Each structure stands twice: as C-alpha cells, then as structure tokens.
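# Analysis of the macromolecular model
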Amino acid sequence: MPAVSKGDGMRGLAVFISDIRNCKSKEAEIKRINKELANIRSKFKGDKALDGYSKKKYVCKLLFIFLLGHDIDFGHMEAVNLLSSNRYTEKQIGYLFISVLVNSNSELIRLINNAIKNDLASRNPTFMGLALHCIANVGSREMAEAFAGEIPKILVAGDTMDSVKQSAALCLLRLYRTSPDLVPMGDWTSRVVHLLNDQHLGVVTAATSLITTLAQKNPEEFKTSVSLAVSRLSRIVTSASTDLQDYTYYFVPAPWLSVKLLRLLQCYPPPEDPAVRGRLTECLETILNKAQEPPKSKKVQHSNAKNAVLFEAISLIIHHDSEPNLLVRACNQLGQFLQHRETNLRYLALESMCTLASSEFSHEAVKTHIETVINALKTERDVSVRQRAVDLLYAMCDRSNAQQIVAEMLSYLETADYSIREEIVLKVAILAEKYAVDYTWYVDTILNLIRIAGDYVSEEVWYRVIQIVINRDDVQGYAAKTVFEALQAPACHENLVKVGGYILGEFGNLIAGDPRSSPLIQFDLLHSKFHLCSVPTRALLLSTYIKFVNLFPEVKTTIQDVLRSDSQLKNADVELQQRAVEYLRLSTVASTDILATVLEEMPPFPERESSILAKLKKKKGPSTVTDLEETKRERSVDVNGGPEPAPASTSAASTPSPSADLLGLGAVPPAPAAPPTPSSGGLLVDVFSDSASSVAPLAPGSEDNFARFVCKNNGVLFENQLLQIGLKSEFRQNLGRMFIFYGNKTSTQFLNFTPTLICADDLQANLNLQTKPVDPTVDGGAQVQQVVNIECVSDFTEAPVLNIQFRYGGTFQNVSVKLPITLNKFFQPTEMASQDFFQRWKQLSNPQQEVQNIFKAKHPMDTEITKAKIIGFGSALLEDVDPNPANFVGAGIIHTRTTQIGCLLRLEPNLQAQMYRLTLRTSKDTVSQRLCELLSEQF
Amino acid sequence: MIKFFLMVNKQGQTRLSKYYEHVEINKRTLLETEVIKSCLSRSNEQCSFIEYKDFKLIYQQYAALFIVVGVNDTENEMAIYEFVHNFVEVLDEYFSRVSELDIMFNLDKVHIILDEMVLNGCIVETNRARILAPLQILDKMSES
C-alpha cells in the first residue's frame, strides 16, 4: 500500500481544511468559506488558464465546502471540462464533482452526456467505469434516452471486463428505475439472467440486484432466474470456507451475495420443479444447521455475517410459508436469539418472529415464547426493542392468550415510552374487541385504557366502544353501571366523561332503578364534570341532558333550569348556545310522544371495519394475522350476503349512513329532518332534462358495487338519499330469477316510476331478460318489487343496465346502474380428483383456451376469504389437488342454452409480493377471458 | 436500497455524505443533524437500528466517528451493519490505521472507495483487493 501523506501534495487544500477546523465560531467558519469561494471564483474567471492540478485542487475544496452544507453555484463548467481530460486523476475528480453536485435536472447534462459517450467508446475499462458510475449516480431521463440502448449491450457483451459489467448492471438498474419505458426488455434479458452463472462473484453480486428489481416488475420474463439463483446459492453455502477466497468474509462464504440471492428468491413462490425445490430446501437447512455449529471464529464479524444470511433465509422460509418443518426450525432459532446478549439480535429476532406468527404452521410455535417476549417488554432498555415486543405480542395474540396479553400490555402502558403509547392503546383496543368472549371484559379493558392513558385514547377508540355497546344489548346495563362507577373518581379523564355521557344518555335508565344511581344522581354526577370539560364534550353532555329529559321525566325541570341558565343560553360558543336554545325549546313544546320519537335510542351501527383498525393500518403497523382475521370476519359477511339489512329498510332515514358523522355529534341529534335537497353534488340527478328519453350515465361507485355481486347474489345494489335498490337472485343451470326491490326512502310519493332494463345490441342475442312493468307510483316509505326472468342463451361479456326514471317533488330523477348478471352465475360446480383435474387441464392446453392474469392483491390475502369467494363465484373448490397447498383450484361447467362449457381455474397467491396469478382454462376463449376478468376483480 | 451513507463525528460535523436519491442541500443539513442526534442519544445497550421516518438507520461507531446508513425496508439490517464494518476495514487497509483526518484530507479517495462498494444504492463489491484496484492505478499515475 502506498504511504498516503495527509493532504497528498495538495497543500492549499490542507491549509484550507486546517483553517476551517481552527475556526472558533460558526461566523468565522462562514467568513473563511466565503473568502475561499471568492478566491476560487476569481481563479476560475481569471484570464490565466488553470492547469489540471489547480482545477483538481479547487474542485476538492468546493466538495469540502459543499459537505459543510453550503450550496455551490459555480464550478460546474470547470468540472465538465475536467471530464474531457486525458489524465485519469483529473477526469476522476471531474466525475466526482458531477456525481456529488449535479442533480438530474441540470442543464449541463447534455455536455456531460457527451463526455460519457466518449469514455464509453474509449474501451479503457477505468474510463468506462467512471462514466458508468456517473450514469448510475445522476441517472436523468436525458441520460436514459442517450444510453438505454447502449448499456445492455455493454452488460452482456462477451469481452466486457468484469468490473465494467458490475457497473453496467447497476447503471441499467438506475435507468430502469428512472425511465422504465426507455429500457425495453429484449433479447438481452435472458442473457442478464445468465449472469447469475458468471464465474466472477462481483458480477453476480451486481447482477442479482438488477435482476431482483426487474423480476419484481416482470415476474414471468425472469422466472428462469429462480433455478439459477438456487444453484448459485447452493454452491456458496456448501463450499468450504476457503473455496471462495476473495469473497469469504471472516470464514463466511460470500455473505452479501447470499443475502441478495435469498432476496431474489422472495420475488417468487416456492419453485415448482421438485429438484430445484429440494435443492433449495437443502440450502435452507444447511444455513439453519450452521447456526447451531460452533463458530469458526470468535470474532463478532463472523457471527454477524453468518446471522445476516440466517435472517434472510428465515425471511425466505416465511415468504414461502409452505414447509412446516423449516418454519418451526426457524421459530426455534429465533427463540434462541430472543435471549441472546446482543441487543441487535434480540431486536431482529422479535421483528422476524412477528411475521412468523402469521403463518398457520408456526403460529403455535411462536406462542411458546410468550413469557420471553413479555419479559422483554419489562426488561429491555431500548425502546425500539420494546416496541418490537409489543408488535410481536399483538401478532401472536389469539383467543387462548388474549386476556394475558392484553393485561400485560395494559400494565406496560403505565410506564411505556410516550412515543409508543398511542399505538399500544390502539392495539389493546383492537385485541380486546376481537377476542372478547365476554363483553364486560371488553368494557372494563377500554375503561382501564382511558384511566391509564386517557390522553392517548384517540377518538376512534372511544367511538368504537360506543358502537359496540350500542350494537350489543347484553352489555348495555353493565356498561352503564361501570361508567357510572368510573365517573365517581374525583379526577377522571375527559374521554371518560365523553363515553360516560354518551352511554348514560342512552342506557342510564337501565341502572336508574338502583337508588344509588337514580336519575338525579346520574345527572348531578355528569353535570359536576361539565365545567371542567372542553366545548365538544360539553356539547355532547347537552345532548345527554336532552336524552335524560326523555328517559327520566322526573328530572326534566332540573335540566330545563340548567339549559335556561345564562351560562348556557348566552354561551359565547355558538354551538353550545344553539344546542341549549334548541333543546330547551324541544323540551317545552314537544309532546312526550314526539320526544320519545326524536330522542329514541340510537339504532345499531352498521357492521363495518373497526375504525381503530383503520387507524392502526394508517400508522403503518405490521400486517399480522390478527388484521387478517378482522377482515376475514367482515368479508365473510359480505360473501354470504348474510346479515345485511333487508333490501327495503324503510327506516333508512334514521339510520346513519356509513359516511355520516360517527355519533352525529356534529349536528343537532336526529330531528325529523326533511329529506335533503338531492341536487348537492349533482351526482345522480339530471335537473335539466325533464324528458324521459335520455338515460343517465352510470351512477358513481356502481362499478364497485357491481364487482361485489360477482360472488354473491343478495344485497343492496344502489342507494342514494331518495332511493334504495336491493337484489335477491337465484340461478340454476342456464336460467335465473332476480327480484329487484325499489325502496322509497323519503316521505313523498315517487311518480311516473319507470325502471327499464337495457341490453346492448350484442348482449340481446346472448341474454334473454323478461320482466313486467311496475306500478308507476311508489308511496313514501314504501317498497315495490320487480321480478326478472333470465335465460343465458350463449356466453356474454357485457352486463345489462338498469335505468330508473321517476318524479320526486318537482324534479325529474334519472339513475342508471349495471345489473350484476354475469357469466359466472350460470356455473354448476364439478367435483373431481387430482388426477382427473390435471388430465383435463392438459387437454385444454391450446393457447386460446388459457387466459392468465397476474395482479396485485387489492384486499388482504386471506385463505378463508379466498375460498369463500371461489365458491361464491360458482365453481367447485377442489381441495388436495394442487401440489402446493397454498394454491386454489376450481372446476365447474357454465350452462348456456346452446352449449355447456367446462372451466378449470387455478389461483396462485404470492404473499410476499402481495400478488396473485390467476389462470383460467375453458373450452371457449371468450369464456376464459370473461371469467378471468370477473374473478381477478375479486381479490 | 441504500438511501444515503454518512460519516459524522460526535460534534455533529459531517465528514462524508453520499445520497443515492436526490435531496436538496438545505434538507441534507437538517437530516444530517437529526440523524446524528438520534445516534448520539443512544447507549451501548441499545440496538444499532433506528426507525426514522419511513426508513431505517443502521449505524456503527468508530472512536468519535459515526457511520450511518439509511436504508428502506428491502435491506437486511445485519448485512448492512456488517457491510459498514467491511467499508471501514477497507479504509483502514488503504490509509493504514484510518483516522478522521485521513477522511477529511482525502475526501476524493474515500468517495472512490465508496463508489466501488456501493453503486446506485446497491452493494456492488465486497472484495477488498478489487475495491482498491482503481485507487492503486490512480496512485501510481500521480507518483509518476
């Protein structure tokens, strides 16, 4: 190694740096820098041409100044000039300046491109290397335009030097990232994949990064990389530690390359070829075995490198999620790390285990470590490690250990770091809800949450507890009693006042029989908190008071007195004042009947995703099994078309729509509101055309609704402020019957009510629809029914449109929705054995018969939901047919009047990439196409 | 992918910065200040990985100098952690017992070494001899 003198001959630079270091203050430093900048600027502008050495010196100074955080607005031209120098040292410093200081939208790019072009053509590997580094660092669109054609050639040319290949690979990756449209896949792609076989491990390292990115975007084109990556990995892990001399790091063969190869394999599902799969399993086993062997070196570098590979291997095992044996071994290995003295390992082990918990094969194994994890929560000194422990507890939670985990989280919450309290609160709230067998436990837990960490209990959490209490009548009495008791604490959190106020307002009557919580005591208790609360809480309490007027006539005068006081009626806050005035008036003028109607108990909230869960997802919590379960529960409701409200719920006017303010706090509580003028948004109303001739464009959101009906037959198809359309349908072979229910949600008659079914020309020939006209008058609150008889003549793609026109008040209404009559409705499921399935699959091997679609998952990937959807789609779900248990296969026959069409389908989920591949094979190409389109939209 | 590679001393002075995604200069200063603050506030008992905004910081401390790498979630933490050490070993070999001063006075060379090891945010070379090869050519040329 050459002895390097400090400053390396550039005295001026050394002096400058020393000066800067000796500066006593920031001001002095800035002064010195400005002096230097002025000096350099004058040198650059001066008449005397600078020699390469001086240029180099000044550029180095500029780099240093830039590093100190000062923008450099000159010198770029000089740097560009250095690029064309023939001296490597000068050229190098020019490129360095450019890659550090020039960003991709600089005007100089064209000049730089010119220099790069010359260097690439020079065939001098060091020059080429510099040029390629520059593209990889700056990588603008203009560069992509200039070099996207050239780089792949350099990369795959036989005579390119290894180091140049390495740079070219990452250079291409950069261009692909900035301008994918300019980097067309071509015949070079297969040759790039073969770089995995390159003799030189440096080339393989660079190529693996490139291929990983390309494979994520184009999995099909790069599929062959799987077997090559496996065999390369296998050669590395089985090599003696001396085989790969240059790339062995502290006795670990090529650790960084191994990590990259394992990453690449995570772009794909487990290899299909049994030989490749076997070889990969062997590799993974070897890596796991090595972790148990005595270390070849006591140096920490050895174990770090080894563990890096081990963690990546475990990621791959979790990604494949198909080998129970490996998953359990991975879990045991991570379990050992949980107790390791290195904090880094404990952190990473907790992190990995969190994903492991979501695999059905290892969930139980993960649960055995619960005590260690709880201990970590209590003893770890690093908040980020404790955070991981919380995540893991959340992930491993199920019905069997929920009470223990929630209790531990609650007790940790008392001392938890402020930065993670809100998240813990959300997690506790979710777990308590999800695993509540006994809802009194749930109520206790949430009230505890508010007591311990009231400031961190967000609106979503207390909204949710109210939703649940309102929807479950078995817990209402208990909830009222518990909040009443909790409110008796001398100091209680405002959130508790909100929950208490709301619950007592609804269910205070359930405990009013007990003299210790008589109506007046309840009221006095709440009102004693009133003055300490913020405006929104006071507003809520006012609503509680008016509800009390209805619940307990005996406290009416007390409450009227309160409402009448100056502090209410003349309150400076307009919301409070308005409530006080209106409630007081309401309590005086309304008869008890009207009061009872207006102030009726809140109707149940529609079942929907927990708002807390949505919030946690927004906070980017790790996706875990519990999230999936939540959505599963919800979804299955959807798929079965089960407990949805009957299509014509005429009470709809008083049911809050899902988008309405959660508790109706924002508005005056449910007054018998006149139907809002429907022109707002103008979505569905064609105010200008009064003639019945024109058909409205499809209502917004109708596509989504349409897709939801592909796998189910019953539910609400459309709803706006006036009208609700419900569907119920049944299909057998090529025939079907659909009941359409039109509900008038208003109190006013609809006149000239005319629904029309419209089939496009080519659809008419294939689908036969028959129906009778309905009564042209629909009374306010009434529902009419229409029956449609359906016959499938031949396969079809488009869906019929249902157009409804009527008069409401003075306005003409025109609504169009797509009617969910889809080809798959005429499915008859067919059961068959594995052997038959594959035999038929092979028979349908004509390219036109197969349609395949690879797409990103739009919903959480859950096995049970997927199964339900495939069954809902109409085909049989064939178990134990596909060799990979993660895949789904189905079979069925589409019946039409003219023919019967056999259909086979296969759905391959890729959890890691959150992608699916769906393959349809049927005897008719248009059927394959349509079924594939329909089913792809479902996941 | 590696987002940035920083060398910052205990006083919070940046000694090397390399960004693999464009960051405005004023934001750089801010980011570097925040990054070093979060590293300095940690004890030996804490782990070497910090979640910071939407990426992770992986750091190692050598005497008064911190090397901090910002990565997104596609990187293996342990591999990057050990890669930092490999980088330091390369510097140590070239400068024979590297110090903060070596890095300041030879900023261009440290950049060359880093460019050989990381390109476009990906690890490209880990073998010491091959990393140092271009520098050796350079040194030979300036001697002659």
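Placed above this text is the structure.
Anyway, here's the lowdown on the structure attached to this text. (Residues numbered from 1 in each chain as written. Chains lettered and ligands numbered in written order. Predicted model: local features only at pLDDT ≥ 70, side-chain atom pairs only at ≥ 80, totals over all residues. Heavy atoms only, no water.)

Quick look at the packing of aromatic side chains now. Residue and element names in this part refer to chain A. Tallied over the full model, the rule gives 34 aromatic pairs over all chains. Look at Phe-44 and Tyr-58: their rings are 6.1 Å apart centre to centre, the planes differ by 90°, and that puts the pair in the edge-to-face class. Of the two residues, Phe-44 is situated in helix 2 (residues 26-45) and Tyr-58 in helix 3 (residues 52-67); the sequence distance between them amounts to 14 residues. The class for Phe-44 is buried, based on a relative accessible area of 14%. The class for Tyr-58 is buried, based on a relative accessible area of 6%. On the numbers, 5.2 Å between centres and 70° between planes, the contact of Tyr-742 with Phe-753 is edge-to-face. Of this pair, Tyr-742 sits in strand 5 (residues 735-744) while Phe-753 sits in strand 6 (residues 750-758); the two residues are 11 residues apart in sequence, bridging distant segments of the chain. (Phe/Tyr/Trp six-rings, centres within 6.5 Å; stacked < 30°, edge-to-face > 60°. Helix = DSSP H or I, 4+ residues; strand = E, 2+ residues; numbered from the N terminus. Buried < 20%, exposed > 50% of the residue type's maximum accessible area, 1.4 Å probe, protein only.)

To continue, consider the interface of chain A and chain B. Between chain A and chain B, the residue contacts involve 74 residues of the former and 66 residues of the latter. Buried surface at the junction of chain A and chain B, both sides included, amounts to about 6000 Å², of which 57% is carbon and sulfur. For the pair chain A and chain B, the number of links is four salt bridges. Residue Glu-51 of chain B is joined to Arg-388 of chain A by a salt bridge in which the shortest nitrogen-to-oxygen separation is 2.1 Å. Top contributing element to the side of chain A that touches chain B by residue count: helix 10 (residues 162-178) of chain A, with eight residues. When grouped by side-chain class, the residues that make up the side of chain A that touches chain B number 32 nonpolar, 25 polar and 17 charged. (Contact = heavy atoms within 4.5 Å. Buried area = accessible area lost by both parts, 1.4 Å probe. Salt bridge = Lys/Arg side-chain N within 4 Å of Asp/Glu carboxyl O. Nonpolar A, V, L, I, M, F, W, Y, C, P; charged D, E, K, R; others polar.)

With that out of the way, let us pick up the sheet that holds strand 8 (residues 783-792) of chain A. All names here are of chain A. An order of 3-4-5-8-7 is seen for the five strands of this open sheet, with the pairing classed as antiparallel. Only two strands of the sheet have a single neighbouring strand rather than two, namely strand 3 (715-719) and strand 7 (767-771). Between one strand axis and the next, the sheet turns by 25° as a mean value, whatever way the strands run. In the sheet, strand 4 (residues 723-732) pairs with strand 5 via 10 bridges, with the strands oriented antiparallel. Paired with Ser-729 across the two strands is Met-738, which belongs to strand 5. (Pairing = 2+ DSSP bridges. Axes fitted to C-alpha atoms, helices over the stretch in contact; angles between N-to-C directions.)

Note: most residues except glycine have negative phi, and most peptide bonds are trans. Residue and element names in this part refer to chain A. For Tyr-250, which is not glycine, the phi dihedral falls at a positive 45°. Summarising the element assignment, Tyr-250 is placed in the loop between strand 1 (248-249) and strand 2 (252-253). Of the residues examined, Tyr-250 reaches a relative accessible area of 22% and is grouped as partly exposed. Phi is positive for Gln-914, close to 60°, though the residue is something other than glycine.

All names here are of chain A. Its place among the elements puts Asn-910 in strand 15 (residues 900-910). A polar atom in the side chain of Asn-910 sits 3.3 Å from the backbone oxygen of Cys-267. Of note is the side chain of Asn-910, whose polar atom sits 3.3 Å from the backbone nitrogen of Gln-912. Setting aside residues no more than four positions away along its own chain, Asn-910 makes contact with Cys-267, Tyr-268, Pro-269, His-319, Met-861 and Met-915. (Polar contact = N/O pair within 3.5 Å; in protein donor to acceptor, adjacent residues only side chain to side chain.)

Geometry only, nothing functional implied.
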